[in-house]
Amino acid sequence: MAQVRLNNARLLIYSHDTYGLGHLRRCRTIAHALVKRFKGLSVLIVSGSPIIGRFEFRARVDYVRIPGVIKLYNGEYTSLGLHIDIQQTLDIRKAIIQHTALSFQPDVFLVDKEPLGLKGEVEPTLRVLREIGVKTVLGLRDVMDDPQWLADEWQQKGIPPKLLDLYDDIWVYGPASMGSPLTGIEFPEPVDPRLYFTGYLARHVPKTAELDLSALPDRYLLVTPGGGGDGVEMVDWVLRAYESSSNLPAAAVIILGPFMGAAEREQFERRAVSLPQVIIHTFDRHIEALMANAAAVVAMGGYNTFCEILSLRKPALLVPRKKPRLEQFIRATQAEALGLVKVLDLEEDDSTECMVQALQQLFCQPPLKENQVNGLLTGQERIAKRFLTLLGQHQVEQLNKVEG
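On a predicted model such as this, the values are computed, not experimentally measured, just so you know.

**Q** Explanation requested: the overall build of the protein in the structure shown.
**A** Across its full length, the protein carries 13 helices and 18 strands. For 404 residues, the compact-globule estimate of 2.2 N^0.38 gives 22 Å, and the C-alpha radius of gyration of the protein, at 21 Å, lies within 12% of that figure. With the C-alpha coordinates of the protein rotated into their principal frame, the extents come out at 65 × 55 × 35 Å. Put simply, the protein has 404 residues, and 54% of those count as buried. Summed over its atoms, the accessible surface of the protein is roughly 17,700 Å², and 48% of this surface lies on carbon and sulfur atoms.

**Q** Before we go on, may I ask you to explain the sheet that holds strand S11 (residues 195–197) in this structure?
**A** By definition, the strands of a sheet pair up through backbone hydrogen bonds, in either a parallel or an antiparallel sense. Strand order in the open sheet formed by seven strands is S5-S4-S2-S8-S9-S10-S11, and the pairing between neighbours is parallel. One side of each edge strand has no neighbouring strand; the edge strands of this open sheet are strand S5 (61–65) and S11. Strand-to-strand twist in this sheet, taken as the mean axis angle between neighbours without regard to direction, amounts to 25 degrees. Bridge analysis of strand S10 (residues 169–173) against S11 gives three bridges, and the strand direction is parallel. Pairing of Val172 across the sheet is with Phe197, part of S11. Along the sheet face, helix H3 (residues 123–131) touches strand S8 (108–112) and strand S9 (135–141) and points at about 160 degrees away from the line of S8.

**Q** I would appreciate a short explanation of a positive patch on the surface in the present structure.
**A** Positive charge collects at one region of the surface, where Lys36, Arg58, Arg60 and Lys207 lie side by side. Note that Lys207 resides in the loop between S11 and strand S12 (220–224). What makes Lys207 exposed here is its relative accessible area of 88%.

Cut-offs used in this document
Residues numbered from 1 in each chain as written. Predicted model: local features only at pLDDT ≥ 70, side-chain atom pairs only at ≥ 80, totals over all residues. Heavy atoms only, no water. Helix = DSSP H or I, 4+ residues; strand = E, 2+ residues; numbered from the N terminus. Rg over C-alpha atoms; globule rule 2.2 N^0.38 Å. Buried < 20%, exposed > 50% of the residue type's maximum accessible area, 1.4 Å probe, protein only. Areas by Shrake-Rupley, 256 points an atom, 1.4 Å probe, with all protein chains shown as cover. Pairing = 2+ DSSP bridges. Axes fitted to C-alpha atoms, helices over the stretch in contact; angles between N-to-C directions. Contact = heavy atoms within 4.5 Å. Patch = residues over 30% accessible without salt bridge, like charges linked within 9 Å, V, L, I, M, F, W, Y side chains within 5 Å. Salt bridge = Lys/Arg side-chain N within 4 Å of Asp/Glu carboxyl O. Lys, Arg positive; Asp, Glu negative; His and termini not counted. Charge placed at Lys NZ, Arg CZ, Asp CG, Glu CD.

Written as structure tokens, this is what we have:
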């Protein structure tokens with residue numbers, strides 16, 4: 001797509017970020033893609049992620065950090081860093097979001113995944129912005145959850161009757177061939193006319209990524225549970241395989257993730273001391289560079305990791321979680337049916353031998369071919385085109401016939 005110069009256009013992105021890295025990384029990818037294509041565009045991300053400051057951002061992309069909130073095992077929320085009542089934290093977040101929006105004066109407001117925001121915190125901002133003519137967009141993953149579970153959850157939150165009233169567009173960050181994440185939800189009016197399937201968000205190794213290959217094995221398996229908060233079982237399974245077998249064909253580089261519990265992290269690090277083939281790190285902000293140089297990947301099947309596997313065409317073994325959502329399991333099984341990955345189910349057979357065999361087979365898997373991923377990784381281009389349409393011609397200053 002040719003570069004487009006915009007007349008001081010602004011995009012505001014909301015990412016609630018109560019758990020993991022997925023929402024922030026997806027929003028950051030979209031922001032970077034848009035400022036690369038559109039000169040004159042500024043993007044501001046409102047996020048609750050406690051580690052947003054550990055990521056790099058391109059020029060004309062910045063962020064506002066709102067107080068963090070974390071979801072407990074019982075489904076309730078609590079303040080992450082403040083010793084105050086959760087309702088007070090939510091009130092602070094709501095006020096910051098609305099004040100930021102009105103001060104920033106965006107042309108487009110993009111909300112990631114949660115239509116009303118955490119506990120409805122973004123609904124007042126949506127209504128105010130729509131009254132003054134701001135275009136509003138809801139961005140959804142290719143897979144949200146089991147259709148019936150999602151339908152029940154959205155019904156309890158009162159989302160279906162409000163969705164069409166609050167949003168001009170609904171972007172689905174996946175191809176239509178993976179199905180609609182809103183299948184099975186009843187709306188007062190048809191929602192399909194507002195659905196816009198973008199395709200997956202392609203990933204690449206950032207130019208700023210510096211990877212010291214001398215510190216890594218010549219051939220290695222990358223093991224990544226994403227944020228790591230729910231990846232303990234997968235990492236344990238892989239470590240058991242390396243503890244029991246000395247004939248695995250490559251070393252393992254395990255990135256535990258910044259949200260893995262301290263006790264579990266320390267236990268894994270102690271076990272790795274006696275395993276010369278295993279290297280463990282907590283976090284690497286340039287996971288794309290590690291994956292690009294890996295022979296194969298073991299992951300859980302979260303959205304961003306799956307996009308990276310497709311983009312870098314890596315042989316992959318997915319070990320998806322099934323709780324608290326079936327999102328990863330649905331995506332993984334659909335991808336396996338398309339011949340893109342292999343899948344192991346912890347609930348079917350979590351024996352050490354099962355993982356050893358799976359890893360041996362993984363190293364024999366060929367890389368993904370171009371024709372396997374063609375047409376799947378169209379996210380950035382299609383989002384850019386739709387974004388330009390939402391802005392309208394009055395925002396376009398000039399077109400440059402230069403590749404962006």
